[in-house]
Amino acid sequence: MTTLAPPTRDEGVRQHSHRAGPPADGGIKARTRRLFTGPPDDPRWARPTLWAVLVLAVGLYAWNVSSITGNTFYNAAVYSGTKSWKAFFFGALDSGSFITVDKPPFALWVMGISARVFGFGTWQLALPMVALGTGSVALLYRMVKRDFGAVAGTIAALALALTPITVAITRDTNPDPVLVFLMLLGAAGLMKAVRGGRLMPLVWSAVAIGFAFNTKMMQAYVVLPVFFLVYLWAANASLGRRIRNLAVATVALVVSSAWWMVVVDLWPASSRPYIGGSTDNTVWDLVIGYNGFGRIFGASSSTGSAGNGASFGGTASVYRMFNDIMGGQISWLIPFAAIALVGGLVLRGRAPRTDAKRAALMLWGGWFVVHYLTFALAEGTFHPYYVTAMAPGIAALAGIGGVMLYRAFREGSAAKWGWVLPLAVAVSAVWAVVLLQRVSGSGTLYTVAEIVAGVAGAVSVLGLLAGRFPKRQRLLGFAALAAVVALLAGPAAYSVSAATSASNNGTNPTAGPSTGGGMGGGGGGGMGGGAPSGTGSRSGSAPTGTGGQSMGEPPAGANGSSSSGSSSTESGTEASGAGSGTQSSGGQTGGGAGGGTQVSSEMITYLEKNQDGATWLLAVATDQTAASIILESGQPVISMGGWSGTDNAMTLAKLKSLVKSGQLHYIIVSSDGGQGTDSEIATWVEANGTAVNSSAYSSSSTSSSTGLYRLDASDVS
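Criteria and thresholds
Residues numbered from 1 in each chain as written. Predicted model: local features only at pLDDT ≥ 70, side-chain atom pairs only at ≥ 80, totals over all residues. Heavy atoms only, no water. Helix = DSSP H or I, 4+ residues; strand = E, 2+ residues; numbered from the N terminus. Buried < 20%, exposed > 50% of the residue type's maximum accessible area, 1.4 Å probe, protein only. Contact = heavy atoms within 4.5 Å. Areas by Shrake-Rupley, 256 points an atom, 1.4 Å probe, with all protein chains shown as cover. pLDDT = per-residue confidence, 0-100. Salt bridge = Lys/Arg side-chain N within 4 Å of Asp/Glu carboxyl O. Axes fitted to C-alpha atoms, helices over the stretch in contact; angles between N-to-C directions. Left-handed = near helix turned anticlockwise from the far one by under 90°. Nonpolar A, V, L, I, M, F, W, Y, C, P; charged D, E, K, R; others polar. Arc of directions from axis to C-beta.

## Structural notes on the overall build of the protein
Within the protein one finds 26 helices and seven strands. Each of the 717 residues in the protein was classed as buried or not, and the buried ones make up 61%. A sequence separation of at least 24 residues applies to 69% of the contacts in the protein between residues at least 6 apart. Roughly 25,800 Å² of accessible area belongs to the protein as shown, and the carbon and sulfur atoms make up 62% of that amount.

Pasting the structure below:
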């Protein structure tokens, strides 16, 4: 290995001219060969190495796919969408379309199409996530390679594939892998528009971000300031044309973002589901509140529905990404990426305005910086897996910066550049050792990674310094390879842990061992800090009429006899209620139905037997409980209070109407510090309904009140 610096395209053609190109007729055999060997001007190792990285990504994302329980909240919505096209379109939690999930439905559509084609089950929901996660790795490789060569592209792709939190979230059914892929498509369109100055690539970039908006709303817009700045500064067009193109692209962005919101908000509220997470039953409120300013400002937000202020990632501060919770998930390459960004911009400082390399540095550097500041300082609800959106920026800077700094180190002035690359490697390797020291004693895997990171880091720095001045190219190449090993050993250990652990899925997936705040790939589906988890346990079966394995199997640490999820709030507060929920090792109440009431398999069998043609099997307080019962029974279940239990989805008038029309017969009344049944509804139900004691369905000799009530039309005055 003599060099890691990418040759120019012309130099590359001359260097590899001995490789025969495909026949002029471009036949099928030639195209197939090119798929596996790459273009004629690529190094021979480039395409096989890319395939190896993609195989690694698939292995990490899909290993032991049958253990991927996923997020039961979204799983239930996907299942409901396979039973009702109305529920599919609105993203309803239940097939009766009473309430939606608290996100727009695009990611549910992606999983829902897979489930409709292949049947509902574990691998059917995991398939699109694995495909999009791997697609993101391939797309990042292509983008980085386009301007900086195969080495930079390979390092970037490998760094993204081995980002621990990316592995954890791609093995889940949260919408983030869909979001990241769409944002990368938008970035690809942007860079094509920058190079050519043409309008349509910019329009398609805007459309991709619009679909990303319909995946996770305002989080998709975090990169927009960077996109606008990069195009306005670097596009190969006159200023007037750049402004005009941006205006047209903005129109495309608005249309592709807002179409679903406009349709839903114009739809008569009486004939569509309640918008979960909103305060006024509109998507607009969800956009600016719960999924917008509420995430940034938390409970202090006065606009829309504010977030709960819950943080599973530690206190908001500029150092959040380096704390005990977040450090092992995302921070491994941040020191190197930061140094690489500054060094790269300095190296391209005198390039023309339209220089594509500097534009790429601006794109990936801006991507990294705006995400870092947004996530570090967010005071609203914050989960560690959100930062997977930052991973492409870090990975791209690692690949680009590594190659640029190596080339400057090898060819530039010793006084200016002889210390930058060794410093970047040294700082990053030391940080990797610090992160691995935090989890010392957690297993041999992390001990080995710590040794490898420390030894390879030292070998790299010494090799770079020893080879720089006598121009020993082989030694420099070996030192550069050692740097890659040192910087990726830690992320690789965490990623392997995420891929091989059966308990890192759920509402809050993370990678690696448990650290501060109860996070990590520990029990309870990785939902430390009392995060809610809904699981089904009815013999582990899939919902009636579905194919594949159940997505509602209980994760490690959950109460195996319960069909419903934890009754704890998203802020991590333990629930307390009228029932007898048992305490799991994760500090969660197993089987709490909004207030600790146990919803057993026996109760569900009783409800099914006495449903009497009602649309909904049962009404409960929260989404988590409803989701787990939906997955176990295959029947629609009403969530009266949404995710947090505070949504005004169910009113007394609406409840009376449902009961009188025979659409609902059973309701669980619970009392649970913020997640219980609305007091007005509870009072009316207790006064007019018929209490169902456990003896009606349980084989136990003990009869007790469970909070379950039967309501009939005659009970409504």
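## Quick notes on the confidence of the model for the protein
Per-residue pLDDT for the protein has a mean of 83; in total, 80% of the residues score no lower than 70. Predicted confidence is poor over residues 300–307, with pLDDT under 50, and the contacts of this stretch with residues over four places away or in other chains come to 23 contacts. Ignoring residues within four places in sequence, the model shows residues 544–596, a span with pLDDT below 50, making 185 contacts including any to other chains.

## Side note on the pattern of salt bridges
Counted under the stated rule, the structure contains 10 salt bridges. Salt-bridge contacts for Asp612 lead to Arg710; the nearest nitrogen and oxygen are separated by 2.9 Å. Taken together, the positions of Asp612 in the loop between helix H23 (601–609) and strand E3 (618–620) and Arg710 in strand E7 (residues 705–710) put the pair 98 residues apart, joining distant regions of the chain. Connected through shared salt-bridge partners, Arg407, Arg410 and Glu411 make up one network.

## Observations concerning the packing of helix H8 (residues 150–161) against helix H18 (residues 391–411)
Describing two packed helices takes the angle between their axes plus the distance from one axis to the other. Direction vectors running N to C along H8 and H18 enclose 145°, while the axes themselves pass 8 Å from each other. As for the relative orientation of H8 and H18, their crossing is right-handed in sense. Residues Val151, Ala152, Ile155, Ala156, Ala159 and Leu160 of H8 touch H18, and the partners they reach there are Ala391, Pro392, Ala395, Ala396, Ala398, Gly399, Ile400 and Val403. Looking at side-chain class alone, the contact of H8 with H18 contains 13 nonpolar, one polar and no charged residues.

## Details of unusual backbone geometry
Not every positive phi belongs to a glycine, and Met217 is a case in point at roughly 55°. Position of Met217 relative to the elements: it lies in the loop between helix H11 (199–216) and helix H12 (224–234). Even without being a glycine, Asp612 presents a positive backbone phi close to 55°.

## Focus: H23
Buried within H23 are the following residues: Met603, Ile604, Tyr606 and Leu607. Seen along its axis, H23 keeps its buried residues to an arc of 160°; they face one direction.

## Some points on the environment of Gly402
Following the sequence through the fold, Gly402 ends up in helix H18. Judged by its relative accessible area of 15%, Gly402 falls in the buried class. For the pair Gly402 and Leu341, spaced 61 residues apart in sequence, the C-alpha separation works out to 9.9 Å.

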